[in-house]
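# Breakdown of the fold
Take a look at the letters that make up each chain.
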Amino acid sequence: MDVYVAGAAMTRVGRLVASLPDLIAEAARGALTAADLDRPDALVVACMNPEEFVGEGNFASHVATHLGLSRVPSLRVETATSSGAAALYAAFVSVAAGVHRTVLVAGGEKMTQLPTPRVSELIGRSIDPYERSYGATMPALAALVTRAWMARTGATLRDLSLVAVKNHANGARNPRAHFQEPVTLEAVMASRLVADPLRLYHCCPISDGAAAVVVRAEPARVRIAGIGQGADYLALRYRDDFGGFQATRAAARAAFRMAGYGPERVEVAELHDAFAPFELMSMEDTGLAPAGKATRMLTHGETALEGRLPVNPSGGLKARGHPLGGTGLAQVVELWWQLTEQAAGRQVPARVGLAHSIGGLATTNWVTILERASHGGDAIRPTGVSQDGTTLGVDRPGGAGGRPARFPLERLK
Amino acid sequence: MRETTTPGYGEVVSFTTLHSPPTGFASPLHLALVQLDGGARFFCHGAETRGLRLGARVTIEAVDQVYYFSALSLAERAGLFWRRRSARVGQRLSAVVRSGAKRLVRRSRDGRDPPRSG
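Residues numbered from 1 in each chain as written. Chains lettered and ligands numbered in written order. Predicted model: local features only at pLDDT ≥ 70, side-chain atom pairs only at ≥ 80, totals over all residues.

Residues and elements named next belong to chain A. In this structure, Ala289 sits in the loop between helix H11 (276–285) and helix H12 (294–299). By the C-beta count within 10 Å, which is 23 here, Ala289 ends up buried. Between the C-alpha atoms of Ala289 and Leu309, which are 20 residues apart in sequence, the distance is 9.9 Å. The residues contacting Ala289, other than those within four sequence positions of it, are Met283, Glu284, Ala294 and Met297. (Helix = DSSP H or I, 4+ residues; strand = E, 2+ residues; numbered from the N terminus. Buried ≥ 20, exposed ≤ 12 C-beta atoms within 10 Å, placed from the backbone. Contact = placed C-beta atoms within 7 Å.)

Below, the structure written as structure tokens:
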């Protein structure tokens with residue numbers, strides 16, 4: 001069964017005052033309104049660590065009750081920093097299997113109220129315990145991977161820094177972004193070292209925020225064409241390949257296989273740039289850029305807003321912000337706005353979008369492909385009634401979503 | 001699985017210097033991932049990363065079950081190189097020439113020696 005995105009919304013991202021349940025509720029109500037839905041059949045909540053960040057447990061039930069949906073079955077999903085995408089996947093499979101018709105997926109995180117070393121420690125819990133015992137933090141492991149990738153592709157510090165400059169320029173056009181000021185290349189390259197060669201302005205901020213999406217079986221303006229998950233060893237030292245993420249490649253293969261086409265169809269992408277080099281690495285891992293060519297695409301302006309393949313029109317994790325459990329959903333919200341032409345000020349022309357989310361240091365990655373369903377249910381052509389008279393076959397011609405489908409007859413009454 | 005011993009020499013797979021380590025660790029903190037000649041890969045601390053490059057030959061040793069890497073001196077590297085009996089004389093000489101040529105090409109392309117960290 002096809003799965004559609006009927007509505008999406010998100011809060012502003014940044015240092016926010018509201019509580020985490022309030023933030024998630026704000027995003028959730030926005031998505032329900034956009035989808036013209038009062039009450040979903042089910043709720044999936046994405047949050048990386050509400051127990052430690054805000055001291056709340058049983059979080060799916062907590063959010064459901066807070067939303068006034070106490071009797072709606074709810075579930076919390078966690079895959080470290082890709083929890084938002086994983087939650088979308090959980091909703092997707094339940095709708096695709098016909099278990100639920102409408103599912104609200106909402107996620108977020110509240111982190112700015114804790115001191116930075118504590119936040120770093122909590123995020124560091126995603127790392128292999130042995131490597132953590134050596135003092136490895138997320139930036140340290142990211143730096144190890146970055147250095148190996150730079151040696152293999154010849155990318156320079158300037159190339160990494162241009163990613164941050166581009167994303168801040170995009171964030172300046174996004175009223176929801178954490179950072180809405182452009183930055184200069186000089187400022188990025190001169191910022192203090194965090195984990196050599198990564199500097200402060202190559203690393204995404206600590207943010208509060210929430211995002212939500214409504215998925216349903218009934219046709220809507222945007223369809224989830226494919227969704228895939230990839231996995232890799234927890235420990236960095238066991239990985240085979242060091243200049244990129246195997247988990248992204250596996251996720252992309254699975255997503256494109258489900259969609260039935262390849263990366264050449266993608267016209268806009270939201271990639272997980274928790275560290276600036278990850279955007280370039282992920283362009284290659286998802287197949288959006290040929291191996292070793294991502295930096296050339298960046299420096300030639302192909303991934304800018306006005307380029308051939310805009311990457312991170314929202315500002316990415318770097319400028320839009322990274323509210324952990326909410327980020328995977330925030331990417332889908334941005335793509336939904338882009339595909340439905342609601343991204344005023346940073347609108348790009350696109351019919352197919354790709355969202356890429358990294359969990360931990362690439363142990364559980366997701367690739368989600370969204371496409372504009374050019375016929376949101378109107379121009380379907382009946383092809384005939386089944387033998388036993390219970391289903392009507394239809395054809396949805398043209399566009400990116402043209403595929404045959406079957407509808408149970410009583411739905412058409 | 002079979003237990004095996006392997007000499008503590010290997011190549012640097014990657015390295016970094018962490019300027020904001022977790023509490024309890026020295027700052028800045030030097031980390032490297034070392035691929036031993038015997039095949040295993042080790043996560044190590046080090047005293048410095050100056051002069052370190054990907055592929056550089058290092059030695060690792062365990063102190064209280066914590067592994068440390070250190071760059072080999074020129075004399076140590078030369079000793080290891082000539083001690084490798086399996087390499088033919090021709091291979092050794094061409095390896096020396098190749099390494100020298102690589103340095104010359106890098107210097108002429110970048111206009112200076114490749115950057116060092118630390």
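Right, let's talk about the domain arrangement of chain A for a bit. Domain boundaries in chain A define domain 1 (4–113 + 205–372) and domain 2 (381–412). The centre of domain 1 of chain A, based on its C-alpha atoms, is set 30 Å off from the matching centre of domain 2 of chain A. (Domains from an automatic or database assignment.)

Let us now look at the nonpolar core. Taken as a class, soluble globular proteins show a tendency for nonpolar side chains to be buried jointly. All names here are of chain A. Of all hydrophobic cores here, the largest spans 150 residues; its most connected members are Ala31, Val105, Ala212 and Val213. No other element matches the 10 residues that helix H7 (residues 138–153) contributes to this core. Residue contacts for Ala212: discarding those within four places in its chain leaves Ala8, Ala9, Ala27, Ala28, Gly30, Ala31, Leu104, Val105, Ala106 and Leu329. (Core = buried A, V, L, I, M, F, W, Y, C linked by C-beta atoms within 7 Å.)

As a further point, take the sheet that holds strand E7 (residues 209–216) of chain A. Residue and element names in this part refer to chain A. The nine strands lie next to each other as E3-E2-E4-E7-E1-E8-E11-E10-E9, forming an open sheet whose pairing is mixed. Sheet topology places strand E3 (74–77) and strand E9 (268–270) at the edges, where each strand pairs with a single neighbour. On average, each strand axis in the sheet is tilted by 25° relative to the strand beside it, whichever way the strands run. Of the pairings in the sheet, the one linking strand E2 (residues 42–46) to E3 comprises four bridges and is parallel in character. Bridging from a neighbouring strand, Leu43 pairs with Ser74 of E3. Relative to E3, helix H3 (residues 59–66) is tilted by about 130°, and along the sheet it contacts E2, E3 and strand E4 (102–109). On top of the sheet, helix H14 (residues 324–339) reaches strand E1 (4–10), E2, E4, E7, strand E8 (222–231), E9, strand E10 (352–357) and strand E11 (364–372); it is set at about 60° to E7, its chief contact. (Pairing = 2+ DSSP bridges. Axes fitted to C-alpha atoms, helices over the stretch in contact; angles between N-to-C directions.)

For the rest of this paragraph, the subject is helix H8 (residues 157–171) of chain A. Residue and element names in this part refer to chain A. Between the first and last C-alpha of H8 there are 21 Å, a value that for 15 residues agrees with the 21 Å anticipated at 1.5 Å per step. Burial analysis of H8 places 11 of its 15 residues in the buried class, the great majority of the element. For H8, the complete set of buried residues consists of Leu160, Ser161, Leu162, Val163, Ala164, Val165, Lys166, Asn167, His168, Asn170 and Gly171. Against the buried residues of H8 lie helix H9 (185–190), H11, H12 and helix H13 (316–319). (Expected span 1.5 Å × (residues − 1).)

Here the focus is the interface of chain B and chain A. Each partner contributes residues to the interface: chain B has 20 residues there, and chain A has 21 residues. Breaking the side of chain B that touches chain A down by element, the ones donating at least two residues are strand E1 (9–18), strand E2 (29–36) and strand E3 (41–46) of chain B. If one sorts the elements of the side of chain B that touches chain A by residue count, E1(B) sits on top with six residues. Of the residues contributing to the side of chain B that touches chain A, the split by class is 11 nonpolar, eight polar and one charged. (Nonpolar A, V, L, I, M, F, W, Y, C, P; charged D, E, K, R; others polar.)

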